[in-house]
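# Residue-level structure breakdown
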Amino acid sequence: MGAKKVIKLEDVANKAGVSVTTVSRVINRKGYLSDATISKVEKAMQDLHYIPNAAARSLQGKSLKLIGLVFPTIKNIFFAELIEKIEQALFKRGYKAMLATTEHDEQKERDYLALLLSNQVDGIIYGSHNLKAHDYIAIEAPIVAFDRLLTPETTVVSSDNFEGGILATKALINSGSKKIAIFTGNDNTNSPTYLRRDGYLLELERNQLKPHIIKIPSQWTLLRKKVEIKKILENNDFDGIFCTDDLTAILVKDLASNLNKSLNVVGFDGTEFIENYYPNLTTIKQPINDLAELLVDLIIRKIDGDNIDITYQLPVQLHYGID
């Protein structure tokens with residue numbers, strides 16, 4: 001398999017039908033340029049996956065020891081804690097982190113990706129997924145993904161989501177629940193997190209119980225989630241709910257209490273925040289420290305040219321809440 005063609009300024013100019021000088025002016029935002037010209041050049045850059053690399057010119061090939069972190073948000077406490085642990089682990093290894101939050105927005109991810117690559121990051125730890133496989137394949141920098149299936153060749157680190165789904169559902173059954181629902185977020189085939197639902201379905205089948213799958217998208221505002229969950233609890237007689245994240249589980253427990261409903265609830269993530277502030281929540285605990293250390297170790301090994309496996313999966317534990 002031949003090496004990838006290096007895209008140059010001239011290639012962009014030819015595709016856009018403009019001069020090299022015009023391409024340079026668009027990149028550096030210098031001089032007057034019409035919107036039509038800017039659009040043509042930017043589309044040509046996007047089509048060719050051309051990233052202007054100012055840092056490379058100034059550093060003459062020296063590494064910045066900089067790792068890009070691409071995640072959906074830091075509002076989610078799990079991502080916030082994982083990012084913090086990754087940054088700490090990188091710093092110990094002599095690297096700095098540059099964070100980009102995409103908020104499930106394709107254009108925002110494209111813009112941040114261009115920024116990261118133009119700053120000559122040595123590698124990227126990816127926890128987001130808004131682009132197509134060919135976009136990720138075109139990225140020259142080494143990539144390790146967390147809970148995201150970017151391409152068939154991209155290394156993915158995750159917790160054992162399938163076993164977590166089984167453990168959560170088994171805990172609800174052992175607590176006496178018979179009508180058990182799962183409240184899922186954005187689980188899909190682009191992420192191993194959909195396996196939490198598969199584990200739930202398998203355990204229900206083993207116990208000859210009927211599944212009830214309810215979507216609570218993570219993009220919803222807190223108010224919208226409260227309204228929708230309240231309706232669901234009022235209109236159904238569930239006696240057990242498996243939430244695929246802890247924050248939704250806390251909402252469900254609080255709303256059920258307000259409605260005087262007896263309900264067993266199990267969450268998923270087990271962050272330090274939950275452990276300290278909501279110790280009564282039963283949850284599936286992910287090994288956040290170990291995940292962060294593994295992600296950092298793998299991205300540095302990939303930067304160094306080492307061969308690494310495609311999938312790495314760490315075990316989870318059922319953590320019973322303390323009343």
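Residues numbered from 1 in each chain as written. Predicted model: local features only at pLDDT ≥ 70, side-chain atom pairs only at ≥ 80, totals over all residues. Heavy atoms only, no water.

A word on the sheet that holds strand 2 (residues 96-101). Read from one edge of the open sheet, six strands run 2-1-3-4-5-11, paired in parallel fashion. Only two strands of the sheet have a single partner each, and these edge strands are strand 2 and strand 11 (311-314). Recorded for the sheet is a direction-independent mean angle of 20 degrees between the axes of neighbouring strands. Note that strand 1 (residues 66-71) and strand 2 share six bridges and pair parallel. Note that in strand 2 the partner of Ile67 across the bridge is Ala97. (Pairing = 2+ DSSP bridges. Helix = DSSP H or I, 4+ residues; strand = E, 2+ residues; numbered from the N terminus. Axes fitted to C-alpha atoms, helices over the stretch in contact; angles between N-to-C directions.)

As a further point, take the packing of aromatic side chains. Taken as a whole and judged by the stated rule, the model has seven aromatic pairs. When the ring of Phe273 is compared with that of Tyr278, the centres are 6.0 Å apart and the planes differ by 50 degrees; the resulting orientation is tilted. The class of Phe273 is partly exposed, set by a relative accessible area of 29%. Judged by relative accessible area, Tyr278 falls into the partly exposed class, the value being 30%. A network of ring pairs unites the aromatic residues Phe71, Phe78, Phe79 and Phe146 as a single cluster. Directly above the ring of Phe268 sits Arg196, whose terminal nitrogen or CZ lies 3.8 Å from the centroid. (Phe/Tyr/Trp six-rings, centres within 6.5 Å; stacked < 30°, edge-to-face > 60°. Buried < 20%, exposed > 50% of the residue type's maximum accessible area, 1.4 Å probe, protein only. Lys NZ or Arg CZ within 6 Å of the ring centre and 35° of its normal.)

With 27 residues, the main nonpolar core has Phe71, Leu82 and Ile86 as its most contacted residues. Among the secondary structure elements, those contributing two or more residues to this core are strand 1, helix 5 (77-92), strand 4 (143-146), helix 13 (288-303) and strand 11. By residue number, the principal contributor to this core is helix 13, which donates nine residues. By size, the runner-up hydrophobic cluster in this structure holds 20 residues, among which are Leu233, Ile241, Ile250 and Val252. (Core = buried A, V, L, I, M, F, W, Y, C linked by side-chain atoms within 4.5 Å.)

Take the packing of helix 1 (residues 9-16) against helix 3 (residues 35-48) next. Two elements in contact, helix 1 and helix 3, have axes separated by 9 Å at closest approach and are oriented at 120 degrees. Relative to helix 3, the element helix 1 lies oblique. The two elements helix 1 and helix 3 meet at a crossing, and its hand is right-handed. On helix 3, the residues touching Asp11, Val12, Lys15 and Ala16 of helix 1 are Lys40, Val41, Ala44, Met45, Asp47 and Leu48. Among the residues making up the contact of helix 1 with helix 3, the classes are represented as six nonpolar, no polar and four charged. (Parallel < 35°, antiparallel > 145°, perpendicular 65-115°, else oblique. Left-handed = near helix turned anticlockwise from the far one by under 90°. Contact = heavy atoms within 4.5 Å. Nonpolar A, V, L, I, M, F, W, Y, C, P; charged D, E, K, R; others polar.)

Glancing now at helix 13. For helix 13, built from 16 residues, the straight-helix expectation of 22 Å at 1.5 Å per residue is met to within 8% by its first-to-last C-alpha distance of 23 Å. Of the positions making up helix 13, those classed as buried are Ile288, Leu291, Ala292, Leu294, Leu295, Val296, Leu298, Ile299 and Ile300. Contacts made by the buried residues of helix 13 are with strand 1, helix 5, strand 3 (123-126), strand 4, strand 5 (155-159) and strand 11. Once helix 13 ends, the next one or two residues include Gly305, with phi positive near 90 degrees. (Expected span 1.5 Å × (residues − 1).)

Non-glycine residue Glu103 carries a positive phi angle of around 50 degrees. With a relative accessible area of 43%, Glu103 lands in the partly exposed category. For Asp269, which is not a glycine, the phi torsion comes out positive at approximately 145 degrees. With respect to the helices, strands and loops of the structure, Asp269 is situated in strand 9 (residues 264-269).

Side-chain pairs of opposite charge can arise whenever the charged atoms involved come near each other. Scanning the entire structure with this criterion turns up 13 salt bridges. Put simply, Glu272 and Lys85 hold a salt bridge, and the shortest N to O gap is 3.2 Å. In this pair, Glu272 is assigned in helix 12 (residues 272-277) and Lys85 in helix 5, connecting sequence segments 187 residues apart. With a shortest N-O distance of 3.8 Å, Asp297 and Arg301 are connected by a salt bridge. Placement of the pair is Asp297 and Arg301 together in helix 13, with a separation of four residues, close to one helical turn. With a relative accessible area of 28%, Arg301 lands in the partly exposed category. Salt bridges linked by common partners bring Arg93, Asp297 and Arg301 together as one network. (Salt bridge = Lys/Arg side-chain N within 4 Å of Asp/Glu carboxyl O.)

Shape descriptors only; they carry no functional weight alone.
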